[in-house]
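# Summary of structural features
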Amino acid sequence: MTNPLPSWKQGKAKQRIFAFIEAVTIPGSPSFVPPAERIAVFDNDGTLWSEQPMYVQLAFAIERARALVAQQPELASNPVLAAASAAGNGEAVLTMGTKGLLELVALTHAGMSTEVFRDLVREWLDGACHPSLKRPYTTLTYKPMRELLDYLRANGFRTYIVSGGGVEFMRVFSEEVYGVPPEQVIGSTVGSQYSNRAGLPVILRKPEVQVINDHAIKPVMIEQVIGRRPIAAFGNSDGDFEMLEWTTSQPGERLGVIIHHDDPEREVAYDSQSSFGRLDRGLREASRRGWSVVSMRDDWAQVFAAPPASTGSDGAGGANRCERGAGQLPEQPAVIPGEVPRIEEAPAGRQP
């Protein structure tokens, strides 16, 4: 591969990546790492795809809440669902704090089997669009990071997503979009239980958040799920700090990378003052810890891949579809706190 990272500009960040991979993959190198130990972990929101003006999964939860309240108006008595379903772009949700956001996720992501939930997410992603960039969310992955994932795998690395996002939400698209299979995705989880409905075994999603995979929980989940300490970690916020610290604190060649959103022209510029992807401590301590800070403005020649081309004479391709407005979630009954979650028909008509 003459230039495996064409979307990266020449500079210290790109040279550091090349030097690291060369050091750990060339037999006889004092820093050589056997393929089985070549583990690289990546945050998702803000590291692999856009997280502004809000996390993609939060946008899903808001639209899901609106669909639920539209079908069952009495649910508006719940202040969290009422705030999420209010007019506007979900601004009311941002005032609810962490507790309110977690309750919103619990209420809108449960009461169904894992198969039904995945179908809901898949159908929503097929129709949902970024509010300002007017493109499907799955086309707003960072091209330089997708190149990096491919380059690492070509050099014997296993790549994992370790994110605060919901694990089942990310597993819907991780393999198609990033080449990361579902079993290599680690994320936040809701409670679940094994059950039997109509003679079929199912895993039911319960209206309770079980694990929030953020900050110091990320290294714990890495240890529990992978069982090996990574040698490379990539993040963009202080929520990734402990993951980078855990990865780079061991002796030997290690790589810690922070993606700094400093490009207001091609994406969004934000760090220490942001409600999403806040980066303060990591930015201050990166140099002392030997972490590379990647400037989206200065280190990336391209941020996103070209938008999808229109298909058909009616212009029904991804970009034109989004210009007409995002698709809506299919209406599904809500989980009423205190009741046993119910199995609902999958969007495609398949009963799990």
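Read on for an overview of the structure.

Basis of the calculations
Residues numbered from 1 in each chain as written. Predicted model: local features only at pLDDT ≥ 70, side-chain atom pairs only at ≥ 80, totals over all residues. Heavy atoms only, no water. Helix = DSSP H or I, 4+ residues; strand = E, 2+ residues; numbered from the N terminus. Buried < 20%, exposed > 50% of the residue type's maximum accessible area, 1.4 Å probe, protein only. Contact = heavy atoms within 4.5 Å. Areas by Shrake-Rupley, 256 points an atom, 1.4 Å probe, with all protein chains shown as cover. Salt bridge = Lys/Arg side-chain N within 4 Å of Asp/Glu carboxyl O. Pairing = 2+ DSSP bridges. Axes fitted to C-alpha atoms, helices over the stretch in contact; angles between N-to-C directions. Phe/Tyr/Trp six-rings, centres within 6.5 Å; stacked < 30°, edge-to-face > 60°. Arc of directions from axis to C-beta. Parallel < 35°, antiparallel > 145°, perpendicular 65-115°, else oblique. Nonpolar A, V, L, I, M, F, W, Y, C, P; charged D, E, K, R; others polar.

### Considering the overall build of the protein chain
Looking only at helices and strands, the protein chain features 13 helices and seven strands. For the protein chain, buried positions account for 52% of its 352 residues. Residue pairs at least 24 apart in sequence account for 67% of intrachain contacts in the protein chain once pairs closer than 6 positions are excluded. Of the accessible surface of the protein chain, which amounts to about 15,300 Å², a share of 51% is contributed by carbon and sulfur atoms.

### So, the pattern of salt bridges
A complete count under the given rule lists 19 salt bridges for this structure. Note that arginine 284 and aspartate 280 form a salt bridge whose closest N and O atoms lie 3.2 Å from each other. When its relative accessible area of 22% is taken as the criterion, aspartate 280 is described as partly exposed. Overlapping salt bridges bring together Glu245, Arg281, Glu285, Arg288 and Arg289 as one network.

### Things to note about the pairing of strand S5 (residues 232-235)
Burial along S5 is two-sided: the face carrying Ala232 and Phe234 and the face carrying Ala233 and Gly235 are both buried. Pairing analysis gives three bridges linking strand S1 (residues 39-42) to S5, with the strands arranged parallel. Within the sheet, the bridge partner assigned to alanine 40 lies in S5 and is alanine 232. Strand direction decides the pairing type here: S5 and strand S6 (residues 255-260), joined by four bridges, are parallel. Along S6, the bridge assignment pairs phenylalanine 234 with valine 257.

### A closer look at the pairing of strand S3 (residues 185-197)
Sheet analysis places strand S2 (residues 158-166) next to S3, joined by three bridges and oriented parallel. Each bridged residue has a counterpart across the sheet, and for isoleucine 161 the counterpart in S3 is valine 185.

### Thoughts on the sheet that holds S6
Within a sheet, each strand pairs with its neighbour through backbone hydrogen bonds, oriented either parallel or antiparallel. Taken together, the seven strands give an open sheet; going across it, the order is S4-S3-S2-S1-S5-S6-S7, and neighbouring strands pair in mixed fashion. Edge positions in the open sheet fall to strand S4 (200-211) and strand S7 (292-295), since each of these has one partner strand only. This sheet shows a mean twist of 30° between the axes of neighbouring strands, independent of strand direction. Where helix H9 (residues 217-225) meets the sheet, its contacts fall on S1, S2, S3 and S4, and the angle it forms with S2 comes to roughly 130°.

### Some words on the packing of aromatic side chains
Throughout the structure, instances matching the rule amount to 15 aromatic pairs. Ring centres of tryptophan 8 and tryptophan 300 lie 5.9 Å apart, and the angle between their planes is 70°; on these two criteria the pair is classed as edge-to-face. In this pair, tryptophan 8 is assigned in the segment before helix H1 (12-25) and tryptophan 300 in the loop between helix H12 (296-299) and helix H13 (318-323), connecting sequence segments 292 residues apart. Overall, tryptophan 8 belongs to the buried group, its relative accessible area being 3%. Owing to a relative accessible area of 0%, tryptophan 300 belongs among the buried residues under this scheme. Pairing phenylalanine 60 with phenylalanine 117 gives two aromatic rings, centres 6.0 Å apart and planes at 85°, and the pair type is edge-to-face. Of this pair, phenylalanine 60 sits in helix H2 (residues 56-71) while phenylalanine 117 sits in helix H5 (residues 114-127), placing them 57 residues apart in sequence.

### Description of H9
When we look at burial in H9, the residues that qualify are Lys218, Pro219, Met221 and Ile222. Within H9, the buried residues cover an arc of 165° as seen down the axis, which keeps them to one side. Those residues of H9 hidden inside the fold are in contact with S1, S2, S3, S4 and helix H10 (241-248). Looking one or two places after H9, you find glycine 227, whose phi comes out positive at around 80°.

### Things to note about the side chain of histidine 260
For histidine 260, the position within the fold is in strand S6. If we ignore the near neighbours within four places in the chain, the residues touching histidine 260 are Tyr270, Asp271, Leu279, Leu283, Val293, Val294, Ser295 and Met296.

### Overview of the packing of H2 against H5
Two elements in contact, H2 and H5, have axes whose closest approach is 11 Å; the angle formed by their N-to-C orientations is 100°. Our classification of the angle between H2 and H5 gives roughly perpendicular. Contacts between H2 and H5 involve Val56, Ala59, Phe60, Glu63 and Arg64 from the first element and Phe117, Leu120, Val121 and Trp124 from the second. Taken together, the residues of the contact of H2 with H5 break down into seven nonpolar, no polar and two charged.

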